[in-house]
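Here is what each chain is made of, one letter per residue.
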Amino acid sequence: MRMRSAGLPLLFILGLLAVLLAAIAGAAVPRVIYVSCDPRTLARDLGILTRAGFRCVTLHPIDLFPQTFHMETVGLLERAPA
């Protein structure tokens, strides 16, 4: 899903396959908002995206299901300056 914020395109990611992450890495998207419900895929995908030139600006855990082990994470990634 693409949206615009302050004139810049944003891309929202909800846990993707490696081939889709590679396509995102090759696209001219300056920022990515990543939403994850699984710490394993979050770590995997952040590794792929940081190696592709993005940097993790911030991560925010969100407890949507109190008193359970489930934790959502929302992160902002930006393209690192060249």
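Within each chain, residues carry numbers counting from 1 in the order of the written sequence. Note on the predicted model: pLDDT of at least 70 is required for a residue's local features to be given, and 80 or more for side-chain atom pairs to be given and counted; whole-chain, interface and lining totals, by contrast, use all residues. Side-chain metrics rest on all non-hydrogen atoms present in the structure, leaving aside hydrogens and water.

Colleague: Now, about the overall build of the protein chain: what can you tell me, with residues and values included?
Modeller: Counting secondary structure elements, the protein chain contains two helices and five strands. Reading the secondary structure of the protein chain in the N-to-C direction produces β-β-α-β-α-β-β. Among the 82 residues that make up the protein chain, the fraction classed as buried is 28%. Considering only contacts within the protein chain whose residues lie at least 6 apart along the sequence, 46% involve residues at least 24 apart. Only carbon and sulfur atoms are counted for the fraction: they give 67% of the accessible area of the protein chain, which is about 5,300 Å². Working definition: helices are DSSP H or I runs of at least four residues, strands are E runs of at least two. Numbering for both runs from the N terminus. Here the term buried applies to any residue with accessible area under 20% of the maximum for its type, exposed to any over 50%, and partly exposed to those in between, with areas from a 1.4 Å probe on protein chains only. Residues are treated as being in contact if the distance between any of their heavy atoms lies within 4.5 Å. Values of accessible area rely on a 1.4 Å probe in the Shrake-Rupley scheme; residue burial ignores everything except the protein chains shown.

Colleague: Quick rundown of the nonpolar core? Include the residues and the values.
Modeller: Formed by Leu21, Ile24, Val29, Val32, Tyr34, Leu42, Leu46, Leu49, Phe54 and Leu77, the largest nonpolar core amounts to 10 residues. Listing elements by their share of this core, those giving two or more residues are helix H1 (18-26), strand S3 (31-36) and helix H2 (39-51). Broken down by element, the residue count for this core peaks at three residues, all from H2. With sequence-adjacent residues up to four places away left out, Leu77 is seen in contact with Pro30, Arg31, Val32, Tyr34, Leu46, Leu49, Phe54, Arg55, Cys56 and Val57. What we call a nonpolar core is a set of buried Ala, Val, Leu, Ile, Met, Phe, Trp, Tyr and Cys residues that are connected through their side-chain atoms within 4.5 Å.

Colleague: Can you break down the side chain of Ser36 residue by residue, with the values?
Modeller: Examined against the element boundaries, Ser36 turns out to sit in strand S3. Given the relative accessible area of 3%, Ser36 is considered buried. At a separation of 2.9 Å, a polar atom in the side chain of Ser36 contacts the main-chain carbonyl oxygen of Asp38. Contact partners of Ser36, with chain neighbours within four places excluded, come to Thr41, Leu42, Met71, Glu72 and Thr73. Polar contact is defined as a pair of N or O atoms within 3.5 Å, subject to the rule that within protein one atom must be able to donate a hydrogen and the other to accept it, and that residues adjacent in sequence are counted only when both atoms are side-chain atoms.

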